[in-house]
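Structural description and commentary
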Amino acid sequence: MGKCVCIIAEFRHGAFRRVTYEVASEGKRIADALGIGLWAVAAGSGVAEKAAELGRYGVEKVLVIDDPALENYLAEAYVPAVADAVAKCDPAAVILSASVDGKDLGARLAARLKAGLAQDCTQIVCENGKIKAKRPIFAGKCFGWCEWAEGALPIVSCRPNVMDCLAPMEDKKAEVEKVQVSVADLRSKVKSIDLDTSGKVELTEAEIIVSGGRGMKGPENYALLEDMAKVLGAAVGASRAAVDSGWRPHADQVGQTGKVVNPNLYIAVGISGAIQHLAGMGSSKFIVAINKDAEAPIFSKADYGVVEDLFTFVPALTEEVRKLKSSCS
Ligand SMILES: Cc1cc2nc3c(=O)[nH]c(=O)nc-3n(C[C@H](O)[C@H](O)[C@H](O)COP(=O)(O)OP(=O)(O)OC[C@H]3O[C@@H](n4cnc5c(N)ncnc54)[C@H](O)[C@@H]3O)c2cc1C
């Protein structure tokens, strides 16, 4: 067996992404079950200064690759550097995030390290010293358990916002070791990234999502959902029907060909609940559906269903929440 569980940290714009703490927490649970330590590989620009803080989630040692060329994820720059650092760790398992970058990196690492990859997992267990990972298959219609052949290195990417974070141990710091890797002679570089500066909550990191479908009837009616989202502190999502109609940007699409989200609360408004939509939000912790058709398939997935015209119900609900919030403040 390898000497540690190795997680790959995701560092962007001067900070670790929240999913890194989820991955570290999961890594710690698995490392404890295997009776080995938890290490991390952290690549990025300026990551060396922040790496020790991963100790708060149980990471003992961080191998750091700090280079200005790693400011943004670029496979050509990241993959060889991270693969070398992971190999130095001699891991029993590698865990990373199933974010957009994490999925790309995980697949390329698996090829380089001749490892077996289970992508977008929602659970990892360790039974009798063997790792098993649960992942959605057939667009989320069912789940399968992956096991690895004797001697094969497991690489597991974890779906964001599913694994529980450990309570941070504020006084713990990880040992940091800088790895010297040359990230020169790249054939491509990221010249700029158009960040959404509207202050909107990113869908994949949102705790609450209010999502609208074809039942919204037109782009102007999304003001109802924006209003509700503002009161709830939520992000606004959309079905593909709404995106294909040009009512919402593709970045808002939830589903098989959109984003996979796992908020604590998902409110589906005027969305029928097609299998491709459920593939993107079916593992939300709590689902509320608002639809005027009592037979809509979304109700079979919802914890609470409201059979109502959304144009009457949504403003009334928003108003009630607003009143409740102001009476509490
Ligand atoms: C390969 C492939 C990939 C796909 N990927 C995705 C994906 O990523 N995401 C996705 O969402 N879809 C995806 N789809 C499309 C999917 O199959 C559905 O067509 C789509 O999800 C339907 O969107 P909808 O629920 O908004 O629209 P509809 O199915 O038309 O449902 C609209 C709902 O609104 C309700 N409604 C109407 N008026 C009101 C009202 N006044 N008050 C309350 N309720 C009302 C209706 O009762 C109905 O249930 C994909 C399809 C394919 C083939």
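The structure displayed is predicted, hence computed values, not measured ones.

The environment of the ligand is formed by 27 residues, the closest being Gly213, Gly215, Ser239, Arg240 and Gly255. Counting only elements with at least two residues in the shell around the ligand, the list comes to helix H5 (240–244), helix H6 (275–281) and helix H7 (310–328).

The phi dihedral of Lys114 is positive, around 50 degrees, even though this residue is not glycine. You can see Lys114 is positioned in the loop between helix H3 (100–113) and strand S6 (116–121). According to the C-beta neighbour criterion, Lys114 is exposed, with 8 such atoms within 10 Å. At Asp120, a residue that is not glycine, the phi angle is positive and equals roughly 65 degrees. Following the sequence through the fold, Asp120 ends up in strand S6. The exposure class of Asp120 is buried, given the 21 C-beta atoms found within 10 Å.

Turning our attention to the domain arrangement of the protein. For the protein, the assigned domains read domain 1 (4–178) and domain 2 (203–328). On a C-alpha basis, the centroid separation for the pair domain 1 and domain 2 is 31 Å. Residue-level contacts link nine residues of domain 1 with twelve residues of domain 2. Among the residues making up the side of domain 1 that touches domain 2, the classes are represented as three nonpolar, three polar and three charged.

Analysis parameters
- Residues numbered from 1 in each chain as written.
- Predicted model: local features only at pLDDT ≥ 70, side-chain atom pairs only at ≥ 80, totals over all residues.
- Near = placed C-beta within 6 Å.
- Helix = DSSP H or I, 4+ residues; strand = E, 2+ residues; numbered from the N terminus.
- Buried ≥ 20, exposed ≤ 12 C-beta atoms within 10 Å, placed from the backbone.
- Domains from an automatic or database assignment.
- Contact = placed C-beta atoms within 7 Å.
- Nonpolar A, V, L, I, M, F, W, Y, C, P; charged D, E, K, R; others polar.

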